[in-house]
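Single-letter residue listing:
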Amino acid sequence: MQQTGREPMTAAGKKRVLSGITATGRLHIGNYIGAINQWADNQSEYENFLFVADLHALTIPEAVAGKNLRARVEEIFALYLACGIDPEQSTLFVQSDVAEHAELTWLLTCVTPVSWLERMTQFKTKGKVADVDAGVGAGLLCYPALQAADILLYDPDLVPVGEDQKQHVEITRDISQRFNAMYGETFKLPDVMIPKSGGRIMGLDDPTAKMSKSTAEKSPGHAIGLLDPIGQARKSIMRAVTDSKSGVDFSDELAPGVTNLLTIFECFTGTTRDESRERFDGAGYGVLKGAVADAVTERLGDIQRRYHDIADDRTHLNKLLTQGAERARNLAADKLSQAYRAAGLR
Ligand code: AQP
């Protein structure tokens, strides 16, 4: 991981990192490569606070309507564990289990200028004028205040985000500075942490669009879900869009779909692009896809075995959900009290 900015440490001598995934759909290999696998890799180096962002999912009504959201949330929580997050090393929790997130959001909403919210790309792309006229919820506009609360409750040093999501951390820093200026020093300013590689896995059906949970719900063949049946995952990879050439040709510019397959292969096998070139230059696309399918399905098999063990032990899973929420609340409650006192409400 590449870091920016200052380098303070938590009491444990480790930098604190906060991150989460929105429960807008079922997890896919993009979420695994870009987020969960990196959290698992760095969990002894950092003090991780990792959560399932279920309150954020409510801002996208089509993602939650008619769904059993809690079941999806617990599936994501169990998948964090199955992918190697250790609940003793990392604090793992569900956002709505810690009510302080919603409470602090109100205090932050009240100090956030509407013009800042209207400038956010997510509102501009998802909250089109037509949607606003059709009654889209104010949550879509106000979600940066919830996101700021998610972060500021825990005083993290670093927040990992993809290149395209830096704006989310920047607005948190702005909101935090504004609150501190109005009410006195309360919140610490977090820095962005940009993943070194594998930052953006593209759709298998359309390699110009990011692999995403919500598109996967509508388009089979777009993503590989972490819980997809192994045969289906293999089939989706074998059908991935490439180009009209017959095979991999490193002497020419590679098509986006080919680059995407190579990236997936490299992330799952820990190989470099030079090693890929040696192995696949001149090979037919069928050979490349077969190798990607082998690497991905082998890992999915392991994750799915662990997932089913975890999900089947309901008592233990409930215990971990409660333990994680309590650990998160220990910090969040203190910070919320500080914010209430600063605002003159306590
Ligand atoms: N395609 C991807 N490649 C690499 N990393 C990805 N992440 C998501 N998609 C890819 C990483 O997973 C985490 C998920 O965060 P999120 O759910 O809050 O936001 P997202 O990026 O909007 O996720 P999706 O899967 O694309 O969902 P929807 O469809 O709801 O928008 C982040 O760390 C992200 O970088």
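This text follows the structure it describes.
Residues numbered from 1 in each chain as written. Predicted model: local features only at pLDDT ≥ 70, side-chain atom pairs only at ≥ 80, totals over all residues. Heavy atoms only, no water.

> Outline the packing of aromatic side chains, supporting the account with residue identities and numerical values.
Across all of its chains, the model carries 8 aromatic pairs by this definition. Measuring from ring centre to ring centre gives 5.7 Å for Y32 and F268, while their planes differ by 25 degrees; the resulting arrangement is stacked. In this pair, Y32 is assigned in helix α1 (residues 29-42) and F268 in helix α13 (residues 256-269), connecting sequence segments 236 residues apart. The pair Y32 / F268 is uniform in exposure class, with both members buried. Ring centres of W39 and Y80 lie 5.1 Å apart, and the angle between their planes is 90 degrees; this geometry places the pair in the edge-to-face category. Here W39, found in helix α1, pairs with Y80, found in helix α4 (residues 69-82); they are 41 residues apart in sequence, far enough to count as distant. For the pair shown, W39 and Y80 are each scored as buried. Taken together, the aromatic side chains of F49, F51, F93 and Y154 make up a single cluster linked through ring pairs. Positioned over the ring face of W116 is R178, at 5.6 Å from the centre of the ring. Positioned over the ring face of Y340 is R346, at 4.1 Å from the centre of the ring. (Phe/Tyr/Trp six-rings, centres within 6.5 Å; stacked < 30°, edge-to-face > 60°. Helix = DSSP H or I, 4+ residues; strand = E, 2+ residues; numbered from the N terminus. Buried < 20%, exposed > 50% of the residue type's maximum accessible area, 1.4 Å probe, protein only. Lys NZ or Arg CZ within 6 Å of the ring centre and 35° of its normal.)

> Run through the side chain of N37, naming residues and quoting values.
With respect to the secondary-structure elements, N37 resides in helix α1. In contact with N37, other than residues within four places in its own chain, are Y32 and R299. (Contact = heavy atoms within 4.5 Å.)

> Help me get a handle on the pattern of salt bridges, residues and values and all.
Scanning the entire structure with this criterion turns up 13 salt bridges. Among the ionic pairs, K67 bridges to E217, the shortest N-O distance being 3.6 Å. With K67 in the loop between α3 (61-64) and α4 and E217 in helix α11 (residues 213-218), this residue pair connects regions lying 150 residues apart in the sequence. Ionic contacts of the salt-bridge type, sharing partners, join the residues R70, E74, D97 and R314 into one network. (Salt bridge = Lys/Arg side-chain N within 4 Å of Asp/Glu carboxyl O.)

> Could you give an account of the site of the ligand, with specific residues and numbers?
By nearness alone, 19 residues border the ligand, and T22, T24, K210, K213 and S214 come closest of all. Contact between the ligand and T24: an oxygen atom at 2.5 Å from a side-chain N or O atom of the residue. Protein chains shield 87% of the accessible area of the ligand, which is 630 Å² for the free molecule. Elements supplying a minimum of two residues to the shell around the ligand: β2 (16-22), α1 and α11. Of the residues forming the shell around the ligand, the biggest block, 4 residues, is contributed by α1. Residues that form the shell around the ligand fall into these classes: 4 nonpolar, 12 polar and 3 charged. (Near = heavy atom within 4 Å. Polar contact = N/O pair within 3.5 Å; in protein donor to acceptor, adjacent residues only side chain to side chain. Areas by Shrake-Rupley, 256 points an atom, 1.4 Å probe, with all protein chains shown as cover. Nonpolar A, V, L, I, M, F, W, Y, C, P; charged D, E, K, R; others polar.)

So yeah, pure geometry; function would need other evidence.
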